[in-house]
Amino acid sequence: MKQKKVIIIGAGVSGLTTGIYLQKNGYKTQILEKNAVSGGACIGWERKGCYIDGCIHWLVGTNPDSMFYSLWTDTRAITDETEIFFQDDYAVFDLPNGKRLTIWSDLEKLKAELIAFAPEDEKQIIKFVNLIERFQKIEGPIDKPKELMGLGQLLKIAFTMLGDYILVNKYSKISCGDYVKRFKNKELAHCISSFMAPSYNLMSLLYMLARVSSKNGGIPIGGSLPFVQRMEKYYLELGGEIKHSASVKEVRIEKNTAVGVELDSGEFLPSDWVVSSTAAEHCIKTLLGGKYAVKDIDDKLADMDTNPIYTYSTVAFKCDLDMSDKPLSTHVDLDTPIVFDQEYDNLTIRNFSYDKTLKAPDGSCVIQASIRGNDHMYFWWKDKKNNGTYKAEKVKFGERVKEFIENRYPELKGKITIIDVITPCTYERYLNSRHGSFQGFVRSVKGKVLSGKSFVKGLNNFLLSGQCVFHGGGLPPAGVMGRFSAQRICHKDKKKFVY
């Protein structure tokens, strides 16, 4: 039997996962990556002798009891030698009045901290912490797509996880902003609602805190780039091929069947299957030329308010001060708002001194200060890109953030140097992502869940994959969709799937 060839667009976590599993199952695969290095959104880079990490803040699947753990070990993203860092103080809220609130990973410490901060809300705090503990037990099946499960497996899931589904559904319909109206203490309510964003659904916040508090949301030492490089190395050892700096112009289609891809260079690469793990909108509108409807995605793209994206404007600094005794993540309320498309009164400072393997010269470390925005932040930066003021605005933004940090934290004055500024346009350029998003659609209370469907109606031998077609987005959904893509191809080709 002829060995079938699969072309995979994008050498991020999803594309590499697909390639690894398909190589294990006897396929010949070639991954095409538009950038000079693999990684996609899971990336890190150097500026002025310093490593800047661009992705992993916490990773689902660092607990060996987690369903996701086998996904990472299957693909060698995590190996026996991979050290995992677990935060004690997951986040610190630095309020303008001098008060500080720490979100501890240990739930008993968290409960005590919250009650001491807002004793008037003790009953609600206990309920909140109990919910986090309950969500520690919730982790949906990711072994295979639903359509490939037998009736027995589906019934078992239905019976054993019915309570979980009811709980997830209930708290998916409550926004963080609405939930905190139950608290009397306005400062505590502000901290909880702004942790992810007021419009975010409460379920996502509970899920995140549950993962971190159960040691299932650690950080691989070494950062995002080595994480994906381990996957790349394993893929190549299995006989896979990666072609970098190979931007795909379009998926070549004959009689409603994908037969390969055409690169921007004009080169045509034939294949039996095509899997796109690039951004969904880019794939549907550009690579497929807008010829095929994908209702789940099209509906979300048509309603920006119900289905927002999140992006960041970030300043990276080289810090010539020992920051090892400082929090890893500090949410800071600004004394004076920074203005883009709107006023932003909060930024997050991330301190990377916890990882001594990350490159920084002369005992220095890297800190990053980020402001979270949405589509509108992207449009503001894009306008500057179009009118020629983009570089100047990046400099102004960097200096404004630097000035704020030095004023708020005097010990850092003269100790920090700007080494990079990252905007939504950076993400767009590097990832072809919608409006500079770094992950999938935000799970708002009104938005429908993306179920991870891959097949495009009316198009054969093609799969839409990646984090953008699975609810929430991020590295775990990217890995899951990569595995699902390989399983779906094997099923269509009547091959038994091998892990």
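A brief structural summary. These numbers come from a predicted model, not from an experiment. (Residues numbered from 1 in each chain as written. Predicted model: local features only at pLDDT ≥ 70, side-chain atom pairs only at ≥ 80, totals over all residues. Heavy atoms only, no water.)

## Remarks on the pairing of strand β4 (residues 50-53)
For step 1, the next point in the chain: Of the two faces of β4, both are covered, the one formed by Cys50 and Ile52 as well as the one formed by Tyr51 and Asp53.
For step 2, the next point in the chain: Relative to β4, strand β3 (residues 44-47) is paired through 4 bridges, and the arrangement is antiparallel. Counted as the bridge partner of Gly44 is Asp53 from β4.
For step 3, the next point in the chain: The turn joining β3 and β4, which pair antiparallel and follow one another in sequence, is formed by 2 residues; a positive phi near 50° is taken by Lys48. (Buried < 20%, exposed > 50% of the residue type's maximum accessible area, 1.4 Å probe, protein only. Helix = DSSP H or I, 4+ residues; strand = E, 2+ residues; numbered from the N terminus. Pairing = 2+ DSSP bridges.)

## Quick look at helix α13 (residues 390-408)
For step 1, the next point in the chain: The end-to-end C-alpha distance of α13 is 27 Å, a good match for the 27 Å that 19 residues give at a rise of 1.5 Å each.
For step 2, the next point in the chain: Along α13, the residues classified as buried are Tyr390, Glu393, Phe397, Gly398, Val401, Phe404, Ile405, Glu406 and Arg408. (Expected span 1.5 Å × (residues − 1).)

## Some words on the layout of surface pockets
For step 1, the next point in the chain: Quantified by volume, the second largest pocket comes out at close to 490 Å³.
For step 2, the next point in the chain: Elements with a contribution of two residues or more to the lining of the second largest pocket: β3, α9 (224-237), α13, β19 (416-422) and α14 (424-431).
For step 3, the next point in the chain: When residues of the lining of the second largest pocket are assigned to their parent elements, the largest contribution, 6 residues, is made by α14.
For step 4, the next point in the chain: Of the residues that constitute the lining of the second largest pocket, the class distribution is 14 nonpolar, 7 polar and 6 charged. (1 Å grid on protein atoms, 1.4 Å probe; cavity = no way out; pocket = protein on both sides within 12 Å on 5 of 7 lines; lining within 4 Å. Points joined across faces, edges and corners; volume = space filled by probe spheres on them. Nonpolar A, V, L, I, M, F, W, Y, C, P; charged D, E, K, R; others polar.)

## Quick notes on the sheet that holds strand β20 (residues 462-464)
For step 1, the next point in the chain: The parallel open sheet is built from 5 strands, whose spatial order is β10-β2-β1-β14-β20. Each end of this open sheet is capped by a strand with a single partner; those strands are β10 (241-243) and β20. Averaged over all neighbouring strand pairs, the angle between strand axes comes to 20°, with direction disregarded.
For step 2, the next point in the chain: Sheet analysis places strand β14 (residues 273-276) next to β20, joined by 3 bridges and oriented parallel. In the strand pairing of β20, Val275 is matched with Leu463.
For step 3, the next point in the chain: Set on the sheet, helix α1 (residues 13-24) makes contact with β1 (5-9), β2 (28-32), β10 and β14; between it and β2 the angle comes to about 170°. (Axes fitted to C-alpha atoms, helices over the stretch in contact; angles between N-to-C directions. Contact = heavy atoms within 4.5 Å.)

## Observations concerning the side chain of Thr311
For step 1, the next point in the chain: With respect to the helices, strands and loops of the structure, Thr311 is situated in strand β15 (residues 311-319).
For step 2, the next point in the chain: At 2.5 Å, the side chain of Thr311 and the backbone oxygen of Gly436 are in polar contact.
For step 3, the next point in the chain: With residues near it in sequence (within four places) discarded, Thr311 still touches Ile371, Arg372, Gly373, Asn374, Met377, Pro424, Tyr427, His435, Gly436, Ser437 and Phe438. (Polar contact = N/O pair within 3.5 Å; in protein donor to acceptor, adjacent residues only side chain to side chain.)

## Quick word on the environment of Pro327
For step 1, the next point in the chain: Relative to the elements of secondary structure, Pro327 occurs in the loop between β15 and β16 (329-339).
For step 2, the next point in the chain: The exposure class assigned to Pro327 is buried, which follows from its relative accessible area of 15%.
For step 3, the next point in the chain: Taking the C-alpha atoms as reference points, Pro327 and Ile138, separated by 189 residues in sequence, lie 28 Å from one another.
For step 4, the next point in the chain: With near-sequence residues (within four places) excluded, Pro327 lies in contact with Asp89, Val92, Arg100 and Asn351.

## So, the packing of aromatic side chains
For step 1, the next point in the chain: Counting across every chain of the model gives 23 aromatic pairs.
For step 2, the next point in the chain: Taken together, a centroid distance of 5.0 Å and an interplanar angle of 85° make the contact between Phe497 and Tyr499 edge-to-face.
For step 3, the next point in the chain: In this structure an aromatic cluster arises from ring pairing among Phe340, Tyr344, Trp380, Trp381, Tyr390 and Phe397.
For step 4, the next point in the chain: The ring of Phe268 has Arg252 lying over it, and the distance from NZ or CZ to the ring centre is 4.3 Å.
For step 5, the next point in the chain: Stacked on the ring of Phe455, the Lys or Arg Lys492 has its end atom at 5.2 Å from the ring centre. (Phe/Tyr/Trp six-rings, centres within 6.5 Å; stacked < 30°, edge-to-face > 60°. Lys NZ or Arg CZ within 6 Å of the ring centre and 35° of its normal.)

## Looking at the packing of helix α3 (residues 107-117) against helix α4 (residues 122-135)
For step 1, the next point in the chain: The geometry of α3 relative to α4 is characterised by a closest axis approach of 10 Å and an angle of 160° between their N-to-C directions. On the basis of their axis angle, the class for α3 and α4 is roughly antiparallel. Note that α3 runs across α4; the crossing there is right-handed. Listed contacts from α4 to Leu107, Leu110, Lys111, Leu114 and Ile115 of α3 are Glu122, Ile125, Ile126, Phe128, Val129, Ile132 and Glu133.
For step 2, the next point in the chain: Counted by class, the contact of α3 with α4 contains 9 nonpolar, no polar and 3 charged residues. (Parallel < 35°, antiparallel > 145°, perpendicular 65-115°, else oblique. Left-handed = near helix turned anticlockwise from the far one by under 90°.)

## Things to note about the nonpolar core
For step 1, the next point in the chain: Of all hydrophobic cores here, the largest spans 87 residues; its most connected members are Trp72, Phe227, Val261, Ile297 and Phe462.
For step 2, the next point in the chain: If you tally residues by element for this core, the top one is helix α15 (residues 475-492), at 8 residues.
For step 3, the next point in the chain: Aside from chain neighbours lying at most four places away, what touches Phe462 is Val251, Ala258, Trp273, Val274, Ser276, Cys283, Leu288, Ser454, Phe455 and Val456.
For step 4, the next point in the chain: Core analysis: the second largest hydrophobic core is formed by 45 residues, Ala91, Tyr200, Met203 and Leu205 among them. (Core = buried A, V, L, I, M, F, W, Y, C linked by side-chain atoms within 4.5 Å.)

## With respect to a nonpolar patch on the surface
For step 1, the next point in the chain: The grouping of Leu151, Leu155 and Phe159 at the surface amounts to a nonpolar patch, some 380 Å² of accessible area in total.
For step 2, the next point in the chain: Among the secondary structure elements, Leu151 is positioned in helix α5 (residues 151-172). (Patch = residues over 30% accessible without salt bridge, like charges linked within 9 Å, V, L, I, M, F, W, Y side chains within 5 Å. Areas by Shrake-Rupley, 256 points an atom, 1.4 Å probe, with all protein chains shown as cover. Salt bridge = Lys/Arg side-chain N within 4 Å of Asp/Glu carboxyl O.)

## A short note on empty space enclosed by the protein
For step 1, the next point in the chain: The final tally for this structure, using the stated rule, is 4 cavities of 30 Å³ or more.
For step 2, the next point in the chain: Computed from the structure, the largest cavity encloses a volume of approximately 80 Å³.
For step 3, the next point in the chain: Forming the boundary of the largest cavity are Ala279, Ala280, Glu281, Leu301, Ile309, Arg434, Ser437, Gln439, Gly440, Phe441 and Cys468.
For step 4, the next point in the chain: Among the residues forming the lining of the largest cavity, the class breakdown is 6 nonpolar, 3 polar and 2 charged.
For step 5, the next point in the chain: In this structure, the second largest cavity occupies an estimated 60 Å³ of space.
For step 6, the next point in the chain: Together, Phe93, Leu101, Ile103, Leu110, Leu114, Phe128, Cys191, Ile192, Phe195, Leu205 and Leu209 line the second largest cavity.
For step 7, the next point in the chain: Taken together, the elements giving at least two residues each to the lining of the second largest cavity come down to β8 (100-104), α3, α7 (186-194) and α8 (202-213).

## Considerations on the pairing of strand β18 (residues 365-373)
For step 1, the next point in the chain: Across the 9 residues that make up β18, a large majority, 8, are buried.
For step 2, the next point in the chain: Summarising the sheet, β15 and β18 pair through 9 bridges and their orientation is antiparallel. Residue pairing in the sheet places Thr311 in a bridge with Gly373 of β18.

## Section: the state of the cysteines
For step 1, the next point in the chain: For the coordinates displayed, the defined rule picks out 0 disulfides.
For step 2, the next point in the chain: As a non-bridged cysteine, Cys42 has Cys55 as the owner of its nearest cysteine sulfur, 4.4 Å distant.
For step 3, the next point in the chain: Cys468 takes part in no disulfide bond, and the closest cysteine sulfur to it belongs to Cys283, at a distance of 10 Å.
For step 4, the next point in the chain: Here Cys468 falls in the buried class, since its relative accessible area comes to 15%. (Disulfide = S-S within 2.5 Å.)

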